[in-house]
Amino acid sequence: MKKNRYLLCLLLCGFMLYFAVPRLSIQAEGLEGIFAMSWLAFALIVIAGNLTAILYSPKKAARKRQQLRINKKSRSYY
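None of these values were measured; they are calculated from a predicted model. Going along each chain's sequence as written, the residues are numbered from 1 onward. With pLDDT at 70 or above as the cut-off, local features in this predicted model cover only qualifying residues; side-chain atom pairs require 80 or more to be listed or tallied, and sums for whole chains, interfaces and linings still use all residues. For side-chain calculations, the full set of non-hydrogen atoms in the structure is used, while hydrogens and water are omitted.

Take the overall build of the chain next. Numbered from the N terminus, helices here are DSSP runs of H or I no shorter than four residues, and strands are runs of E no shorter than two. When its secondary structure is counted, the chain shows three helices and zero strands. Going from N to C terminus, the chain has its helices and strands arranged as α-α-α. Using a 1.4 Å probe on the protein chains alone, a residue whose accessible area is under 20% of its type maximum counts as buried, one over 50% counts as exposed, and one in between counts as partly exposed. The buried share of the chain, taken over its 78 residues, is 17%. Residue contacts are counted whenever heavy atoms from the two residues lie within 4.5 Å of one another. Sequence separation of 24 or more characterises 52% of the internal contacts of the chain that already satisfy a separation of 6 or more. Here the chain displays about 7200 Å² of accessible surface, and carbon together with sulfur accounts for 66% of that area. Here the accessible surface of atoms and residues is derived via Shrake-Rupley with a 1.4 Å probe, and residues count as covered only by protein chains that are part of the display.

Looking now at the state of the cysteines. To count as a disulfide, a pair of cysteine sulfur atoms needs to be within 2.5 Å. One pass over the structure, following the stated rule, counts zero disulfides. For Cys13, which is in no disulfide, the shortest distance to another cysteine sulfur is to Cys9 and amounts to 8.8 Å.

Any two of the Phe, Tyr and Trp rings considered here, Trp counted by its six-membered ring, make a pair once their centres fall within 6.5 Å; the pair's planes then place it as stacked at under 30 degrees, edge-to-face at over 60, or tilted in between. Within this structure, the stated rule accounts for two aromatic pairs. On the numbers, 4.9 Å between centres and 75 degrees between planes, the contact of Phe15 with Phe19 is edge-to-face. Of this pair, Phe15 and Phe19 both sit in helix H1 (residues 2–20), four residues apart, which is roughly one turn of that helix. Its relative accessible area of 38% is what places Phe19 among the partly exposed residues. Aromatic side chains Tyr18 and Phe19 sit 5.2 Å apart centroid to centroid with 80 degrees between the ring planes, which places their arrangement in the edge-to-face category. What makes Tyr18 exposed here is its relative accessible area of 62%. Members of the aromatic cluster, each reached through a chain of ring pairs, are Phe15, Tyr18 and Phe19.

Within the secondary structure layout, Asn50 lies in helix H2 (residues 31–55). Overall, Asn50 belongs to the buried group, its relative accessible area being 10%.

Once that is clear, we can look at H1. Look at H1: 27 Å from first C-alpha to last across 19 residues, which is about the 27 Å you get at 1.5 Å a residue. Among all positions in H1, only Tyr6, Leu10, Cys13, Leu17 and Ala20 are buried. Burial along H1 is one-sided: seen end-on, the buried residues are contained in an arc of 100 degrees. When the buried face of H1 is taken as reference, the exposed residues oriented beyond 90 degrees from it are Asn4, Leu11, Phe15 and Tyr18. Buried residues belonging to H1 abut H2. What a helix should span is 1.5 Å times the count of its residues minus one. Here the arc refers to the directions that run from the helix axis out to each C-beta atom.

So, in structure tokens, the structure goes:
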């Protein structure tokens, strides 16, 4: 379930980058250039965080939990 959320965030970030990059002027001086660079830096941080969450999520722990739930349900005698 969490992987779907991370994937959705990645897609939304890519969509925003697709529209924003042509409009951002990195070579501009002053506040406009600072805004463009900081916006791109935050977008890259978002992409890196979501990719890290997708790639390094614990997989074995979730499987063990599911197996324990199945085993507990099968042993109940009601």
